[in-house]
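Spelled out from the first residue to the last, the chains are:
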Amino acid sequence: MLSLKELIPALTKDFTQGITRVDKHIYIHPKKEHKYTFIWMHGLEDVPDSFLAGFNNPELNPFDNQTTKIILLCAPVRPLTKNQGEMMTSWYDIMIPNWKQFWGIKSDKELWGVDQAIESRNFIWSLIDQEPIPKKNIYIGGFSQGCCMSLLAGLGYKESLGGILGNSGYLFPFTEINNKTPIQILHGEEDEVIPYEFAEKSIQPLLKLEIEFQLIKLKGIEHAMMMDNFKFMKEFVNKHLQ
């Protein structure tokens, strides 16, 4: 099965029009009036360029490129403890290789770089604060580590956002829930990096709350962003745009 990177041509005739780069972050500017903003975070050891082709393609982009600013964020480069200190882009540290086996047994700080995750969360909050549009028109999402960060930042923000679009991630136990932002999480049935059952277990606290939430299992999909991810995200966005 081909990945998103293989399915989308790397360049199109007007690929770089309306795109700026600031501190390794990529901004895709709306072609007309700025009504909505979507903030996206990549996964471990990745870069925002991996998603540029998809979100700059009007047929795949879940949002209207005429009215939506897309911000593709780049994680800091930091040593990853579970990989013997190897330097890579990461929103937070992962302390041990078999961290999933110790969920609920070891403390949060024994599994993840909690302080780093909070620092990344606060950075995302600062971007949300700066957007000159109603918060209900701001959406947030990501893949893998980026999914975890979108849940941490989106649910912990001081007011509800338009929606959270998570892909192939999980909910941190230390996530604060301060609003009722609608959530969609897409997860591959064949994901071996973060198994679907693990993600399902992590989000159980959300089921006890009055939050619109859906977890969608993608059949035959591994730990990757595929065309179906964009299709389901577009359906979610079309339902919730104000």
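Residues numbered from 1 in each chain as written. Predicted model: local features only at pLDDT ≥ 70, side-chain atom pairs only at ≥ 80, totals over all residues. Heavy atoms only, no water.

Under an unreviewed UniProt entry, the name given to the chain is Phospholipase/carboxylesterase/thioesterase domain-containing protein, and the source organism is Paramecium sonneborni.

(A) The arrangement of the overall build of the chain in detail. Per the secondary structure count, the chain includes eight helices and 10 strands. Taken along the three principal axes of its C-alpha coordinates, the chain extends 50 × 35 × 35 Å. Evaluated residue by residue, the chain yields a buried proportion of 55% over its 242 residues. Of all intrachain contacts in the chain linking residues separated by at least 6 positions in sequence, the fraction that spans at least 24 positions is 65%. Total accessible area on the chain is roughly 11200 Å²; 51% of this is exposed by carbon and sulfur atoms. Separation between the mean location of the 25 positive side-chain charges and that of the 30 negative ones in the chain comes to 4 Å. (Helix = DSSP H or I, 4+ residues; strand = E, 2+ residues; numbered from the N terminus. Buried < 20%, exposed > 50% of the residue type's maximum accessible area, 1.4 Å probe, protein only. Contact = heavy atoms within 4.5 Å. Areas by Shrake-Rupley, 256 points an atom, 1.4 Å probe, with all protein chains shown as cover. Lys, Arg positive; Asp, Glu negative; His and termini not counted. Charge placed at Lys NZ, Arg CZ, Asp CG, Glu CD.)

(B) Fine view of the sheet that holds strand S9 (residues 183–188). What the eight strands build is an open sheet, ordered S1-S2-S4-S3-S7-S8-S9-S10; its pairing is mixed. Only two strands of the sheet have a single neighbouring strand rather than two, namely strand S1 (19–22) and strand S10 (213–218). This sheet shows a mean twist of 15° between the axes of neighbouring strands, independent of strand direction. As defined by bridge partners, S9 adjoins S10 across six bridges and the pair is classed as parallel. Residue pairing for S10: glutamine 184 is matched across the bridge by glutamine 214. (Pairing = 2+ DSSP bridges. Axes fitted to C-alpha atoms, helices over the stretch in contact; angles between N-to-C directions.)

(C) Quick look at the pattern of salt bridges. Applying the stated criterion across every chain, the model contains six salt bridges. Its salt-bridge partner being aspartate 129, residue lysine 158 comes within 3.7 Å of it at the nearest N-O pair. Here lysine 158 is found in the loop between helix H5 (145–156) and strand S8 (163–167), whereas its partner aspartate 129 is found in helix H4 (residues 114–130), with 29 residues between them in sequence. Accessibility expressed as a relative area gives 62% for lysine 158, which makes it exposed. (Salt bridge = Lys/Arg side-chain N within 4 Å of Asp/Glu carboxyl O.)

(D) Structural view of the UniProt feature "domain: Phospholipase/carboxylesterase/thioesterase" (unreviewed entry) in the chain. On the UniProt side, "domain: Phospholipase/carboxylesterase/thioesterase" (unreviewed entry) is annotated at positions that read residues 28–240 here. For residues 28–240, the end-to-end C-alpha separation is 21 Å, with 31% helix and 21% strand making up the annotated structure. (UniProt positions renumbered as here; feature names shortened; annotations may be inferred.)

(E) Spotlight on the nonpolar core. Of all hydrophobic cores here, the largest spans 47 residues; its most connected members are Tyr92, Trp99, Trp112, Tyr170, Phe172 and Ile183. Breaking this core down by element, the ones donating at least two residues are strand S3 (36–41), strand S4 (68–73), H4, strand S7 (138–143), H5 and S9. The leading source of residues in this core is H5, at seven residues. In this structure, Ile26, Ile28, Ile221 and Met225 belong to the second largest nonpolar core, which totals 26 residues. (Core = buried A, V, L, I, M, F, W, Y, C linked by side-chain atoms within 4.5 Å.)

(F) Examining the packing of H4 against H5 more closely. Remark: H4 packs on H5, axes separated minimally by 9 Å, with the N-to-C direction vectors making an angle of 60°. In terms of axis orientation, H4 runs oblique to H5. The two elements H4 and H5 cross, and the hand of that crossing is right-handed. Across the interface between the two elements, Ala117, Ser120, Arg121, Ile124 and Trp125 from H4 touch Met149, Leu152, Ala153 and Gly156 from H5. (Parallel < 35°, antiparallel > 145°, perpendicular 65-115°, else oblique. Left-handed = near helix turned anticlockwise from the far one by under 90°.)

(G) Region of interest: the pairing of S1. Note that S1 and strand S2 (residues 25–28) share four bridges and pair antiparallel. Opposite valine 22, over in S2, you have histidine 25 as the bridge partner. Between S1 and S2, which pair antiparallel one after the other, the connecting turn spans two residues, and aspartate 23 there sits at a positive phi close to 50°.

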